[in-house]
There are 2 protein chains.
Amino acid sequence: MGKNAIVGQSGGPTAVINSSLVGVYQAAKSRGAARVYGMRHGVRGLLEEQYVDLSDFLHDNLDIEILKRTPSSYLGSCRYKLPDPQKDAATYEKLFGILKKLDIGYFFYIGGNDSMDTIAKLSDYAAAVGSDIKFMGVPKTIDNDLMNTDHTPGFGSAAKYIGVVMKEITRDGLVYGTPSVTIVEVMGRNAGWLTGAAALAKAEDCEGVDMICLPERPFDPDHFISRVDALQKQKAGVVIAVSEGVKVADGRYVCELDGSKGKTDAFGHCTLTGTARYLANLAQQNIGCKARAIELSTLQRCGGHVTSRVDITEAFQVGGAAAKAAFEGNTGMMVGLKRISNDPYQCTTELHDIHTIANFEKKVPDEWITPDGIGVTPEFLSYARPLIQAELTPIYVDGLPRHIYIK
Amino acid sequence: MGKNAIVGQSGGPTAVINSSLVGVYQAAKSRGAARVYGMRHGVRGLLEEQYVDLSDFLHDNLDIEILKRTPSSYLGSCRYKLPDPQKDAATYEKLFGILKKLDIGYFFYIGGNDSMDTIAKLSDYAAAVGSDIKFMGVPKTIDNDLMNTDHTPGFGSAAKYIGVVMKEITRDGLVYGTPSVTIVEVMGRNAGWLTGAAALAKAEDCEGVDMICLPERPFDPDHFISRVDALQKQKAGVVIAVSEGVKVADGRYVCELDGSKGKTDAFGHCTLTGTARYLANLAQQNIGCKARAIELSTLQRCGGHVTSRVDITEAFQVGGAAAKAAFEGNTGMMVGLKRISNDPYQCTTELHDIHTIANFEKKVPDEWITPDGIGVTPEFLSYARPLIQAELTPIYVDGLPRHIYIK
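The shown structure was predicted, so the numbers you read here are calculated from the model rather than taken from an experiment. (Residues numbered from 1 in each chain as written. Chains lettered and ligands numbered in written order. Predicted model: local features only at pLDDT ≥ 70, side-chain atom pairs only at ≥ 80, totals over all residues. Heavy atoms only, no water.)

Another point: the pairing of strand β1 (residues 4-9) of chain B. Within a regular strand, the side chains alternate between the two sheet faces. All names here are of chain B. When you tally the buried positions in β1, you get six out of six residues, the bulk of the element. Burial of the side chains of β1 extends over both faces: N4, I6 and G8 are buried on one face and A5, V7 and Q9 on the other. Note: β1 against strand β4 (residues 104-111), six bridges, orientation parallel. Paired with I6 across the bridge in β4 is F107. The pairing of β1 with strand β2 (residues 36-39) spans three bridges and is classified as parallel. When the bridges of β2 are listed, V7 appears paired with G38. Note that the unit made of β1, helix α1 (residues 17-30) and β2 has a crossover that is right-handed. (Buried < 20%, exposed > 50% of the residue type's maximum accessible area, 1.4 Å probe, protein only. Helix = DSSP H or I, 4+ residues; strand = E, 2+ residues; numbered from the N terminus. Pairing = 2+ DSSP bridges. Right-handed = clockwise from strand over helix to strand, strands pointing away.)

Structure representation (structure tokens):
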């Protein structure tokens, strides 16, 4: 038998992150891994020796099918930043000791930017100490902000969710035929991919949203108010998508303008919330229009009941490709998605040095934002539309989607 | 040819209100209505002679299928209270003049309590002036608070949506394995049916929510905080469902406790929002735990992508039954749903005098609330579970559910 594999999930969950877990699990098994362990709550849990043997929990192919369709991280997640190995070698010694005890040959980490930082540090440390464990990154983030991959698994389903609810919010907002402004707050701290996805709602059967405020552009409250004023004079049911991460010119987040101070997480990121509420109040005060705020909140990242089949399939593929690459001897890499064509949509996987990915952020290209700064171009839509195609229906039991979890 | 029919939609939209519209339209057509008009924006629009001939918009059976699956009110809605006919006969004379001009024999209004008030007033006025127009109410409200009907179309799909997202929020809330409290604000001003539906999430594959605060019980912030404190010491990822309409003992809404004054709508109802946010801040300040607020907002009423097949079918049936009853000579009535059995679930329709419905509110029975006041009993679940069964999948086109609307 070969060595064992271990896989972890890190950072914010998505609707399809468990499809990547299945991809790693099945490919590692079929390539001869004796056991495939799962870290509970990522590296943080592993450091406390919290792990499971996945075979103890996945009993048959129905479990596998349900796991693919279960949103949020099956193994649990963490927001844990590995220390600088120069300053804290002990953490690395402990971690590699645990990996040795478990006879691990292959280490997979499914996550975003911060998770790729973990893979970079661990593979560097392995090289420095002569460990032959293979470390592979599997991309995951609804934010779509990873470098060297055309897009990230998780984005397509979140974008589809946003397209779906923006259509529904548009229908709802027009119901009374009276002036109203709905401001919808979308996730994406520094990159406006998800906020831009609101533009997908526009179609033969939907008027679409009226304004899109991306974090890539400085936000001018006065300009915003005058635009909203003009819009609500033209039509009933104005709908606006705004990123949680929009900032005014001096660098403050819009959600901080009400005087509240932002809190920070383990990576020093400010906790953002209340942008839409602040802007709705601002519109109400300045224009006197009826304005409501909707935060899509965690619903947009855990909406397992609306997944893109393209996305969930690619999530599975990158997991499998990571296992293949590791078993073929690669380490310190992330699997990226490479788009071959838009129409017909074709996409394959490739490997990238983890150091070209960790700690960078991919933003919406300037030329994909309309000159007025409040919309996205047809090129953005041609990019995003293939990623929301087709559905993978949940398995409904007694009226609700069936999930699987570790009790 | 017979006389014409007219149908309107009123009050807050639902995911299945257009299925009732199709029910009325098809049954009225098949019973010989020459034309079936649709009021734009209910009675308010009709008074401005805003109406359409539905045949001009529904060209084939695919349009009909898509209309059934389109959330929000296809014809537009209104929140308009008819005046007291003793004080303002002119409005009634105008309205009946328009109905006469359109050669209307049958008038259908799809809505909730306030809409049934409209039917009551119009049928009373018709009796007083000797008009033979038949006035029928078709029940609709996600709030499930209408009298004399086992439940209301719209409730089942909203309850299913709430069950689905509560499962997803539960999965998401447990992902880090660290203490966190998620407070989810659910619609339902005075009746806790929808908030109670959060209990549906608990199943073999889901831990379920930890506390349910219904508006039927006075809300005690101190007791709430001590319960939350106890819960978050026992487990990671506490999830709480709270009605937007919870009030403290002195009658103030919880969302008013931050000092903001409520606004009122045309029916004198206070606009409620911010309950979950207030309580999350309260928990954070008093316990120091990580607490987040999620408002399900309009997503719970316009979620056409998650409908209950039982609900959407019954919505269609009550529309058809209303047309049948009107064409058979009934007036001043609402179609109610009468449950025959829970297991197997069987349900039929019956007629009720509109005066026994308008302006009453049906709350969750006291005996269906647990003695501690923070949960619902198995009887509640036996009542609600049949209503969320099975799905009617949207027709997806280019990645998003297809809708139909009047341009």
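Bringing the side chain of T118(A) into the picture now. Note on placement: T118(A) falls in helix α5 (residues 113-129). Sequence-distant contacts of T118(A), defined by excluding residues within four places in its chain, comprise V43(A), Y80(A), L82(A) and Y109(A). (Contact = heavy atoms within 4.5 Å.)

Our next topic: the packing of aromatic side chains. Under the criterion given, the structure shown has 28 aromatic pairs over all chains. Its guanidinium or amino end placed over the ring of F316(A), K68(A) lies 4.8 Å from that ring's centre, counting from NZ or CZ. (Phe/Tyr/Trp six-rings, centres within 6.5 Å; stacked < 30°, edge-to-face > 60°. Lys NZ or Arg CZ within 6 Å of the ring centre and 35° of its normal.)

Moving on, we come to the sheet that holds strand β3 (residues 51-53) of chain B. Residues and elements named next belong to chain B. Taken in spatial order, the seven strands make up an open sheet running β3-β2-β1-β4-β5-β10-β11, and their pairing is mixed. Whereas interior strands pair on both sides, the edge strands pair on one side only; in this sheet they are β3 and β11 (345-353). Adjacent strand axes in the sheet meet at a mean angle of 25 degrees when their direction is disregarded. Relative to strand β10 (residues 333-342), strand β5 (residues 134-139) is paired through two bridges, and the arrangement is parallel. Pairing of G137 across the sheet is with M334, part of β10. (Axes fitted to C-alpha atoms, helices over the stretch in contact; angles between N-to-C directions.)

Turning next to the relation of the copies chain B and chain A. Superposing the two chain copies requires a rotation about an axis and a translation along that axis. When chain B is brought onto chain A, the operation consists of a screw motion whose angular component is 180 degrees and whose axial shift is 0.0 Å, with 0.0 Å RMSD remaining. The superposition operator between the copies reduces to a two-fold rotation axis. Taking C-alpha positions as the reference, the residue of chain B nearest the rotation axis is E295(B), at 3.7 Å. By residue overlap, the copies meet face to face through one surface: 100% of the interface positions of chain B are interface positions in chain A. (Least-squares fit on C-alpha atoms with pLDDT ≥ 70 in both.)

Another aspect to go through is empty space enclosed by the protein. Residue and element names in this part refer to chain B. Per the counting criterion, the structure on display carries one cavity of 30 Å³ or more. Taken together, 13 residues form the lining of the largest cavity, with A15, G154, S157, A158 and Q300 sitting closest to its centre. Considering every element that reaches the lining of the largest cavity, the biggest residue donor is helix α6 (residues 155-173), with three residues. Here the lining of the largest cavity is composed, by residue class, of six nonpolar, five polar and two charged. (1 Å grid on protein atoms, 1.4 Å probe; cavity = no way out; pocket = protein on both sides within 12 Å on 5 of 7 lines; lining within 4 Å. Points joined across faces, edges and corners; volume = space filled by probe spheres on them. Nonpolar A, V, L, I, M, F, W, Y, C, P; charged D, E, K, R; others polar.)

As a further point, take the interface of chain B and chain A. Contacts between the two partners involve 66 residues from chain B, matched on the other side by 66 residues from chain A. Carbon and sulfur atoms make up 54% of the area that chain B and chain A hide from each other, which totals about 5200 Å². Across the contact surface, chain B and chain A share eight salt bridges. The residue E204(B) makes a salt bridge to R402(A) at a minimum N-O spacing of 2.7 Å. Our count for the chain B to chain A interface comes out at 32 residue pairs in polar contact (both at pLDDT 80 or more). When contributions to the side of chain B that touches chain A are tallied by element, the ones reaching two or more residues are α6, α9 (275-287), β9 (291-295) and β13 (400-401) of chain B. Top contributing element to the side of chain B that touches chain A by residue count: α6(B), with ten residues. Of the residues contributing to the side of chain B that touches chain A, the split by class is 25 nonpolar, 21 polar and 20 charged. (Buried area = accessible area lost by both parts, 1.4 Å probe. Salt bridge = Lys/Arg side-chain N within 4 Å of Asp/Glu carboxyl O. Polar contact = N/O pair within 3.5 Å; in protein donor to acceptor, adjacent residues only side chain to side chain.)

Glancing now at the nonpolar core. Nonpolar side chains tend to gather and get buried jointly when the protein is soluble and globular. With 80 residues, the main nonpolar core has I162(A), M166(A), L299(A), I162(B) and M166(B) as its most contacted residues. Setting aside residues no more than four positions away along its own chain, I162(B) makes contact with V186(B), L194(B), A197(B), A198(B), L296(B) and Q300(B). (Core = buried A, V, L, I, M, F, W, Y, C linked by side-chain atoms within 4.5 Å.)

What follows concerns the pairing of strand β10 (residues 333-342) of chain A. All names here are of chain A. Within β10, seven of the ten residues are buried, which leaves it mostly tucked inside the rest of the structure. In terms of strand pairing, β10 meets strand β11 (residues 345-353) through nine bridges, oriented antiparallel. Across the sheet, K338 pairs through a bridge with T348, a residue of β11. Hairpin geometry of β10 and β11 is characterised by an intervening segment of two residues between the two adjacent antiparallel strands.

The next subject is the packing of helix α1 (residues 17-30) of chain A against helix α11 (residues 309-327) of chain A. Residues and elements named next belong to chain A. One can describe the packing of α1 onto α11 by two numbers: an axis separation of 7 Å at closest approach and a directional angle of 35 degrees. α1 and α11 meet at a crossing whose hand is right-handed. Here S19, S20, V22, G23, V24, Q26, A27 and A28 of α1 lie close against α11, whose contacting residues are I312, A315, F316, V318, G319, G320, A323 and F327. (Left-handed = near helix turned anticlockwise from the far one by under 90°.)

These values are about where atoms sit, not about what they do.
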